[in-house]
Amino acid sequence: MTIKDLEPKIVWKYFDEITQVPRPSKKEEKIAAYIESVAAANNIPCKRDKAGNILLTKAASKGFEHLPTVVLQAHLDMVCEKNGDVKHDFDNDPLKTVVEGEWLRAEGTTLGADNGIGVAAALAVVTSDDVKHGPVECLFTVDEETGLTGANALEKGFFTGKILLNLDSEDEGEIFIGCAGGKNTSATFYYGSEPAPEELSYFRISVKGLRGGHSGCDIHLGRGNAIKILARFLSEEEPQDILCSFEGGNLHNAIPREASAVIGIVPDRKESVRVQLNNFAATVENELKHSDKDVQLTMESVEKPDYYIIEEDEFSLIKALVACPHGVLGMSSEIEGLVETSTNLASVKIIDDETIEIVTSQRSSVGSLKQAASEMVAAVFELAEATVEHGDGYPGWAPDRNSKILKVAQESYKRLFGKEAAIKAIHAGLECGLFLEKYPDLDMISFGPTLRGVHSPDERIEIKTVAMWWEHLKDILVSI
């Protein structure tokens, strides 16, 4: 079985086509051109704003002209993550999808169901003659994954509907009515360097095999952070060892799955370091045996690098990484099981021969606690004499249990499936809070099929839930 055999065919047809179009964040031109081509082929009015957001509009089906306009909203970009041994160019290569039992995944990369499946469903609504609906607007935003910049730049009046269905959630049978706000905190270390000594032996210490995941949806699952693990090991190294490089993680909203460092040691310490690493690996494996059982720590010889980081700057960097908080900082007292505040130590990257950049991301459903978390992270790096910058961030979306569209969606779900949908808020960031700033009268919900492993190469979508979600979406459109 392949993706072309799946039902509902029209939704999977569009998702299949979307997986063939490269669409990294900030590089959405190809997927935008694809959307415009679909609109042109189906005589659907289409416009773009200055930020690159796209709006398709379609008149009501015959007999449904009296219904209010509904906005179907999804984002065009995807998180581009791959396993270290996979060759894939996200700027040019199509994804390779695989049906595996009840799930669809990609070969060694993220699948992009976040939020390609939402885009596919919206296109299916406006291009199908069989789906009944009132007036519909499809809003496709850009650059959601790296800063929600499309939603942030959205102009007032770009769309007209006052009911918005966000198609960017990841659990079928759950309707979301609130989300956390977020903010990035970045630290820049300026380090001194010296030529790497000839008499030392050089090795790359790597952490890999971790599951990673979405820093909002998966932060509470206790998965390992490759950067934290590697820094912890290096903090125990002997003073005569030197650090030549340290890199790990990739995206601000993904828990780091891999990290590596090149170190120099005196030759007769090779075996003792290897024993030390093996002992440390056993400790980490025991700690993560329930959440990240495939963690690996490896040591391999490498060529002598040109330079190493001088001792005092190495000390500041490694100790700051060890001290930097990561994970859940607090749980909600209003919604059971909801993470209220968290922080993600996301990436460490060498920018040039004197600069290392560290990116972290804070989330909270309470604005003041989001600010407090970012200030706590900043304090760690400022004490290590790094330069710290805060991003603009984005607002949360406060739950409204009196929402009219929520009531419609609840009644629809029970009628279709004979059970109650769960009403929840999510710790991940959605664009809904930004929409409310410019369209304060919007009535919104967010819902979607079941996705797992989002923001990692383990990303997959449960096939049967797409059909259920599609039926729910269609029923909502005629039940408003």
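Read on for an overview of the structure. Note that the structure is predicted; figures quoted are calculated from it, not measured.

Reading the values: the criteria
- Residues numbered from 1 in each chain as written.
- Predicted model: local features only at pLDDT ≥ 70, side-chain atom pairs only at ≥ 80, totals over all residues.
- Heavy atoms only, no water.
- Phe/Tyr/Trp six-rings, centres within 6.5 Å; stacked < 30°, edge-to-face > 60°.
- Helix = DSSP H or I, 4+ residues; strand = E, 2+ residues; numbered from the N terminus.
- Buried < 20%, exposed > 50% of the residue type's maximum accessible area, 1.4 Å probe, protein only.
- Lys NZ or Arg CZ within 6 Å of the ring centre and 35° of its normal.
- Pairing = 2+ DSSP bridges.
- Contact = heavy atoms within 4.5 Å.
- Polar contact = N/O pair within 3.5 Å; in protein donor to acceptor, adjacent residues only side chain to side chain.
- 1 Å grid on protein atoms, 1.4 Å probe; cavity = no way out; pocket = protein on both sides within 12 Å on 5 of 7 lines; lining within 4 Å.
- Points joined across faces, edges and corners; volume = space filled by probe spheres on them.
- Nonpolar A, V, L, I, M, F, W, Y, C, P; charged D, E, K, R; others polar.
- Salt bridge = Lys/Arg side-chain N within 4 Å of Asp/Glu carboxyl O.

Some remarks on the packing of aromatic side chains
Per the counting criterion, the structure on display carries six aromatic pairs. Note on Phe 189 and Phe 381: the rings are 6.2 Å apart at their centroids and 80° apart in plane angle, and the pair reads as edge-to-face. Linking Phe 189 in strand β9 (residues 181-190) with Phe 381 in helix α8 (residues 367-383), this pair joins segments that are 192 residues apart in sequence. The exposure class assigned to Phe 189 is buried, which follows from its relative accessible area of 7%. The interplanar angle of 75° and the centroid separation of 6.4 Å between the aromatic rings of Phe 447 and Trp 469 together place this pair among those described as edge-to-face. Here Phe 447 is found in the loop between β21 (443-446) and β22 (451-452), whereas its partner Trp 469 is found in helix α11 (residues 463-479), with 22 residues between them in sequence. For the cation-ring pair, Lys 13 lies above Tyr 14, with the distance from its terminal atom to the ring centre recorded as 4.1 Å. Above the ring of Trp 103, the side-chain terminus of Arg 460 is found at 5.2 Å from the ring centroid.

Topic: the pairing of strand β11 (residues 201-208)
Judged from the seven bridges that link them, β11 and strand β13 (residues 259-265) form a sheet pairing that is antiparallel. Note that in β13 the partner of Val 207 across the bridge is Ala 259.

What to know about the environment of Thr 360
The topology assignment puts Thr 360 in strand β18 (residues 355-364). Between the C-alpha atom of Thr 360 and that of Val 348, which follows or precedes it by twelve residues, the distance is 9.3 Å. Filtering out sequence-adjacent residues up to four positions away, Thr 360 remains in contact with Lys 183, Asn 184, Thr 185, Cys 324, Asn 344, Leu 345, Ala 346, Val 377 and Phe 381. At a separation of 2.8 Å, a polar atom in the side chain of Thr 360 contacts the main-chain carbonyl oxygen of Thr 185. A distance of 2.9 Å separates polar atoms of two side chains, one belonging to Thr 360 and the other to Gln 362.

Observations regarding unusual backbone geometry
Cis geometry is adopted by the peptide bond preceding Pro 8, which originates at Glu 7 and carries an omega value of 0°. Each neighbour pair has its own omega, and for Asp 114 with Asn 115 the value is 5°, a cis peptide bond. Here Asn 115 lies in helix α3 (residues 113-127). The residue His 455 is not glycine, and still its phi comes out positive at about 70°. You can see His 455 is positioned in the loop between β22 and β23 (460-462).

What to know about empty space enclosed by the protein
If a probe the size of a water molecule is rolled over the atoms, the empty space left behind becomes visible. Under the definition given, this model contains four cavities of 30 Å³ or more. Estimated volume of the largest cavity: approximately 150 Å³. Lining the largest cavity are 18 residues, and of these Glu 144, Glu 145, His 214, Arg 363 and Gly 429 sit closest to its centre. Taken together, the residues of the lining of the largest cavity break down into six nonpolar, six polar and six charged.

Section: the pattern of salt bridges
Scanning all chains against the criterion turns up 19 salt bridges. The salt bridge involving Lys 4 is made with Asp 16; its shortest N-O contact spans 2.7 Å. On the criterion of sequence distance, the pair formed by Lys 4 in the segment before α1 (9-19) and Asp 16 in helix α1 is long-range, its members being twelve residues apart. Residue class for Lys 4 comes out exposed when judged on its relative accessible area of 60%. For Lys 9, the salt bridge goes to Glu 7, with nearest N and O atoms at 4.0 Å. Judged by relative accessible area, which is 44%, Lys 9 ranks as partly exposed. Taking relative accessible area as the criterion, Glu 7 reaches 48% and is therefore assigned partly exposed. Among the charged side chains, a salt-bridge network with shared partners connects Glu 29, Glu 36 and Arg 48.

Shape descriptors only; they carry no functional weight alone.
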